[in-house]
Amino acid sequence: MFSHAITRIPGPDYSKGLTTSTLPAPDLELALRQHGAYVRCLESLGLTVEVLPAAPGFPDACFVEDTAVVTREIAVISRPGAPSRRDEILSMIGPLSAHRPLARIEDPGTLDGGDILQVEKRFFIGVSDRTNEEGARQLAAILAGHGYESSIIKVAAGLHLKSSLNFVGENTMLVTRDFAGHPTISNFRQIICPEGEEYAANTLLVNGTLIMPTGYPRTRVLLESLSLPIVELDTSEYRKMDGGLTCLSLRL
Ligand code: CIR
């Protein structure tokens, strides 16, 4: 069970962040309203949510998930793979050190939290354009010291591992077609996002409730087979910047 979350509101320069999307620029007012709804949703699931102020000069800093990997024992401060995001970690050290002892990914390792998926005592570490082999190796070594096993998965599609693969409870992974049947997740039942609904793979399990993005009805029907409560949240203004439900918080 999670008891806390750390989030950060997007700032006035939010639309200057990194994106591969061809969608129109995000509407900051709407993004802020969506952020408020996200925070209220986490609170309704029993979490105390810390909302950090916008970080001037870091337009992607609302995607706090990329700055750390948090377990029950430790917070591993990441070393984001995009140079423009690297110093986002500086303003996360204080908030995270209030909750956990810290460890760090060191140069030449790079690692984005969006590439890291935890399922109980096991971690899946995506090696992507943001997370390199050295970052993955360093994280696996730190986690091994706390009794966690790690498996490395090459992220050949999507920005981060969790853009395409998430644990949705009941021994089940929600995956895009690109990851379906991947040998590393063969012990899990798999729900494959229907064609055109790949974005819905970024569904977040919090304290037994699934939070999924609004607008993916065929994925919703498949998720209903899990018999878990489902909440839909509109993340349209985060999708425009390649972000979504998992990246907007660190859960601890
Ligand atoms: C980026 O490209 O880094 C941001 N615009 C989006 C990061 C999304 N983070 C995530 O999925 N964990």
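Thresholds, definitions, all that
- Residues numbered from 1 in each chain as written.
- Predicted model: local features only at pLDDT ≥ 70, side-chain atom pairs only at ≥ 80, totals over all residues.
- Heavy atoms only, no water.
- UniProt positions renumbered as here; feature names shortened; annotations may be inferred.
- Helix = DSSP H or I, 4+ residues; strand = E, 2+ residues; numbered from the N terminus.
- Rg over C-alpha atoms; globule rule 2.2 N^0.38 Å.
- Buried < 20%, exposed > 50% of the residue type's maximum accessible area, 1.4 Å probe, protein only.
- Contact = heavy atoms within 4.5 Å.
- Areas by Shrake-Rupley, 256 points an atom, 1.4 Å probe, with all protein chains shown as cover.
- Lys, Arg positive; Asp, Glu negative; His and termini not counted.
- Charge placed at Lys NZ, Arg CZ, Asp CG, Glu CD.
- Expected span 1.5 Å × (residues − 1).
- Arc of directions from axis to C-beta.
- Polar contact = N/O pair within 3.5 Å; in protein donor to acceptor, adjacent residues only side chain to side chain.
- Pairing = 2+ DSSP bridges.
- Axes fitted to C-alpha atoms, helices over the stretch in contact; angles between N-to-C directions.
- Near = heavy atom within 4 Å.

The protein chain is annotated in an unreviewed UniProt entry as Dimethylargininase from Desulfomicrobium norvegicum. Here the protein chain is described in UniProt, under the heading Sequence similarities (unreviewed entry), as follows: "Belongs to the DDAH family."

Caption draft 1: Local environment of the overall build of the protein chain. Helix and strand counts for the protein chain stand at 5 helices and 15 strands. In summary, the protein chain has a C-alpha radius of gyration of 17 Å against a globular reference of 18 Å for 252 residues, a match within 12%. Projected onto the principal axes, the alpha-carbon positions of the protein chain cover approximately 40 × 40 × 35 Å. Residue burial in the protein chain is summarised as follows: out of 252 residues, 54% are buried. Across the protein chain, the fraction of contacts at a sequence separation of at least 24, relative to all contacts at a separation of at least 6, is 68%. Put simply, the protein chain shows about 10,600 Å² of open surface, and 53% of that area lies on carbon and sulfur atoms. The positive charge centre, built from 23 side chains, and the negative charge centre, built from 30, are 2 Å apart in the protein chain.

Caption draft 2: Seen up close, helix α1 (residues 28-44). The first and last C-alpha atoms of α1 sit 24 Å apart over 17 residues, in line with the 24 Å expected at 1.5 Å per residue. Taken residue by residue, α1 has Ala 31, Gln 34, His 35, Tyr 38, Val 39, Cys 41 and Leu 42 as its buried positions. Around the axis of α1, the buried residues are gathered within 160° of arc, so they sit on the same side. Exposed residues pointing more than 90 degrees away from the buried face of α1 are listed as Glu 29, Arg 33, Arg 40 and Ser 44. Sitting at the amino-terminal end of α1 is Asp 27, which places a side-chain oxygen 3.0 Å from the backbone nitrogen of Glu 29. Among the residues trailing α1, Gly 46 stands out with phi positive, at a value near 100°.

Caption draft 3: Quick peek at the sheet that holds strand β5 (residues 102-104). An order of β3-β4-β5 is seen for the 3 strands of this open sheet, with the pairing classed as mixed. Strand pairing shows two members of the sheet lacking a second neighbour, β3 (68-70) and β5, which therefore form its edges. When the angles between neighbouring strand axes are averaged without regard to direction, this sheet yields 25°. Here helix α3 (residues 133-144) sits on the sheet in contact with β3, β4 (75-77) and β5, set at roughly 150° to β5.

Caption draft 4: Spotlight on the site of the ligand. With respect to spatial proximity, 14 residues lie near the ligand, and among them Leu 18, Asp 60, Arg 85, Arg 130 and Met 241 are the closest. In the model, a nitrogen atom of the ligand is placed 2.8 Å from a nitrogen or oxygen of the Asp 66 side chain. Within the side chain of His 160, an N or O atom sits 3.2 Å from an oxygen atom of the ligand. Relative to its unbound accessible area of 350 Å², the ligand is 98% covered by the protein chains.

Caption draft 5: Summary view of the environment of Ile 93. For Ile 93, the position within the fold is in helix α2 (residues 93-97). C-alpha separation for the pair Ile 93 and Glu 73, spaced 20 residues apart in sequence, amounts to 16 Å. Contact partners of Ile 93, with chain neighbours within four places excluded, come to Ile 77, Leu 102 and Arg 104.

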